[in-house]
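# Coordinate analysis (summary)
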Amino acid sequence: MDRDATDIYREFGDERLPPGQHRTDSFPVLSKGSTPRVTREEWTLSVSGAVEDPVTLDWDAFTSLGVETQRQDFHCVTGWSRFDCDFTGLPFTTLADHVGVGSDAVHVLFHAADDYTTDLPLDACLRPETLFAFEFDGEPLPRDHGGPVRVVTPHRYAYKGAKWVTGVEFCTEPRRGFWEQRGYSVTADPWAEERYSDS
Ligand SMILES: Nc1nc2c(c(=O)[nH]1)N[C@H]1C(S)=C(S)[C@@H](COP(=O)(O)O)O[C@H]1N2
Ligand SMILES: [Mo]
């Protein structure tokens, strides 16, 4: 364990369990469609948009950038929270340093193999607990939870974490992802109960 990130809630609220959430010890699966089948060998991550060095990383290039294991909580906008998930992966900030984020980048759009997308302001991505996770509890990330690689965002509702992630696009203006186009919050802070978009 490199970092216990279960205390990040102190920055956002008084309680570890965000308002309106209930705890579950199971790990439900929530996907908009069927589960893509992608192996580690065929998986790639393309980093595009407002960056100095756009790249497409294969498994070896990706994992050689740096790996960290963190204990994190997971908050689903539908109301359940799962505490103490051990995720191993590449920190978003390490990838950002590797490609050199453009000074005009303000937003990030994540792309996934099931055509899911989700967006976040850049500053919400540039936090040490945003990971491209490929192991859960020390085992390869299960396919239905997004294996081979998914994003995890313990400081945001879990729809911000693209399962089967295939692309990271740095944007010079806000872009909307799959649920964000359908009325869900762009910022999605669980302690502020930012479930739906006001606009
Ligand atoms: N590619 C992709 N990522 C996704 C989704 C999806 O349908 N496709 N669903 C999101 C939603 S709404 C949630 S709550 C979490 C659920 O992750 P889990 O299935 O591992 O619990 O994944 C998010 N990431
Ligand atoms: Mo969700």
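Residues numbered from 1 in each chain as written. Chains lettered and ligands numbered in written order. Predicted model: local features only at pLDDT ≥ 70, side-chain atom pairs only at ≥ 80, totals over all residues. Heavy atoms only, no water.

A separate point is the overall build of the protein chain. When helices and strands are counted, the protein chain shows 3 helices and 12 strands. Here the C-alpha radius of gyration of the protein chain, 16 Å, is about what a compact globule of 199 residues would show, namely 16 Å. Summarising its shape, the C-alpha atoms of the protein chain cover approximately 40 × 40 × 35 Å along the three principal directions. Relative to its full complement of 199 residues, the protein chain shows a buried share of 53%. In the protein chain, the 19 positive side-chain charges and the 35 negative ones have mean positions that sit 6 Å from each other. (Helix = DSSP H or I, 4+ residues; strand = E, 2+ residues; numbered from the N terminus. Rg over C-alpha atoms; globule rule 2.2 N^0.38 Å. Buried < 20%, exposed > 50% of the residue type's maximum accessible area, 1.4 Å probe, protein only. Lys, Arg positive; Asp, Glu negative; His and termini not counted. Charge placed at Lys NZ, Arg CZ, Asp CG, Glu CD.)

Summarising burial for strand β9 (residues 131–136): 5 of the 6 residues are buried, a large majority. Sheet topology note: the strand β6 (residues 80–91)/β9 ladder contains 5 bridges and is antiparallel. Paired with T88 across the bridge in β9 is E135. Here β9 pairs with strand β11 (residues 150–152) via 3 bridges, running antiparallel. Following the sheet pairing, F132 is matched in β11 by V151. Where β9 meets strand β10 (residues 139–140), 2 bridges bridge the pair, whose relative direction is antiparallel. Note on β10: the bridge partner recorded for F136 is E139. (Pairing = 2+ DSSP bridges.)

A word on helix α2 (residues 92–99). Taken together, the buried positions of α2 are occupied by F92, L95, A96 and V99. The buried residues of α2 occupy one face: seen down the axis, they fall within an arc of 100 degrees. Looking at the residues trailing α2, positive phi occurs at G100, about 75 degrees. (Arc of directions from axis to C-beta.)

We now examine the state of the cysteines. Under the counting rule described, the total for this entry stands at 0 disulfides. C85 forms no disulfide, and the closest cysteine sulfur to it belongs to C76, at a distance of 12 Å. Residue C85 is classed as buried on the basis of its relative accessible area, which comes to 0%. The cysteine C171 is free of any disulfide, with C125 supplying the nearest cysteine sulfur at 9.8 Å. According to the relative accessible area criterion, C171 is buried, its value standing at 4%. (Disulfide = S-S within 2.5 Å.)

On to unusual backbone geometry, then. Geometrically, the link from G147 to P148 is a cis peptide bond, its omega value of 15 degrees lying close to zero. Mapped onto the elements of the fold, P148 is located in the loop between β10 and β11. Phi at D115 is positive, roughly 70 degrees, even though this residue is not glycine. With respect to the helices and strands, D115 occurs in the loop between β7 (107–112) and β8 (117–121). The exposure class assigned to D115 is exposed, which follows from its relative accessible area of 66%. Backbone geometry at E193 places phi at a positive 50 degrees, although glycine is not the residue there. Tracing the chain through its elements places E193 in the segment after β12 (165–171).

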